[in-house]
Amino acid sequence: MCIRDRYQRRVHGYPGIVTSMQQEYTRITSYATRMFHSARKAKRYTCALREDTRLPFMHVEDIARATVKLLDADELDLTRLVYNLPGLSFTPRELEAEIK
């Protein structure tokens, strides 16, 4: 089995990504990053989600670290083909309160 085949058989489920990098915002969970950037610039941000919608998130560096660990894991230690990386779940209302 070649390394490429080993990596292709693993499926990773990622939560929303929170990052400090400026980027194009295309995912529904991008609202968190948008809120942080708007707050840094003292700009108002209106979220398209209901204020009580709870979604999972992870910081981009935590996702990278977890992905590398999963890809580097010994094949014998892996018991399934699909791995979901859990994250911290919060609502737009909770995030707004923390930012203030």
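Model, not experiment: these values are computed from the prediction. (Residues numbered from 1 in each chain as written. Predicted model: local features only at pLDDT ≥ 70, side-chain atom pairs only at ≥ 80, totals over all residues. Heavy atoms only, no water.)

Draft legend 1. A look at the sheet that holds strand S2 (residues 16–18). Strand order in the open sheet formed by three strands is S2-S3-S5, with mixed pairing between adjacent strands. Taken across any chain shown, the strands that pair with only one partner, and hence form the sheet edges, are S2 and strand S5 (88–90). Averaged over all adjacent pairs, the angle separating strand axes in this sheet is 45°, with direction ignored. Where strand S3 (residues 55–59) and S5 come together, three bridges link them in antiparallel fashion. Looking at the pairing, Leu55 lines up with Phe90 of S5. (Pairing = 2+ DSSP bridges. Helix = DSSP H or I, 4+ residues; strand = E, 2+ residues; numbered from the N terminus. Axes fitted to C-alpha atoms, helices over the stretch in contact; angles between N-to-C directions.)

Draft legend 2. Highlighting the environment of Ser38. Within the secondary structure layout, Ser38 lies in helix H2 (residues 31–40). For Ser38, the residues in contact, after removing those within four places along its chain, are Lys43, Arg44 and Tyr45. (Contact = heavy atoms within 4.5 Å.)

Draft legend 3. Expanded view of the packing of aromatic side chains. Under the defined criterion, the tally for this structure stands at two aromatic pairs. Measuring from centroid to centroid gives 5.6 Å for Tyr31 and Phe57, while their planes differ by 80°, and the two rings are edge-to-face. A residue pair is termed long-range when its members are at least 10 positions apart, and Tyr31 in helix H2 and Phe57 in strand S3 qualify at 26 residues. Summarising the burial analysis for this pair, Tyr31 and Phe57 share the class buried. Ring plane angle 15° and centroid distance 4.4 Å describe the contact between Phe57 and Phe90, whose orientation is recorded as stacked. (Phe/Tyr/Trp six-rings, centres within 6.5 Å; stacked < 30°, edge-to-face > 60°. Buried < 20%, exposed > 50% of the residue type's maximum accessible area, 1.4 Å probe, protein only.)

Draft legend 4. Structural context of the nonpolar core. Listed in full, the nine residues of the largest apolar core are Val18, Tyr31, Ala32, Met35, Leu49, Leu55, Phe57, Phe90 and Leu95. Of all the secondary-structure elements, those providing two or more residues to this core are H2 and S3. No other element matches H2, which puts three residues into this core. Not counting residues up to four positions away in its chain, the partners in contact with Phe90 are Tyr31, Ala32, Thr53, Arg54, Leu55, Phe57 and Leu95. (Core = buried A, V, L, I, M, F, W, Y, C linked by side-chain atoms within 4.5 Å.)

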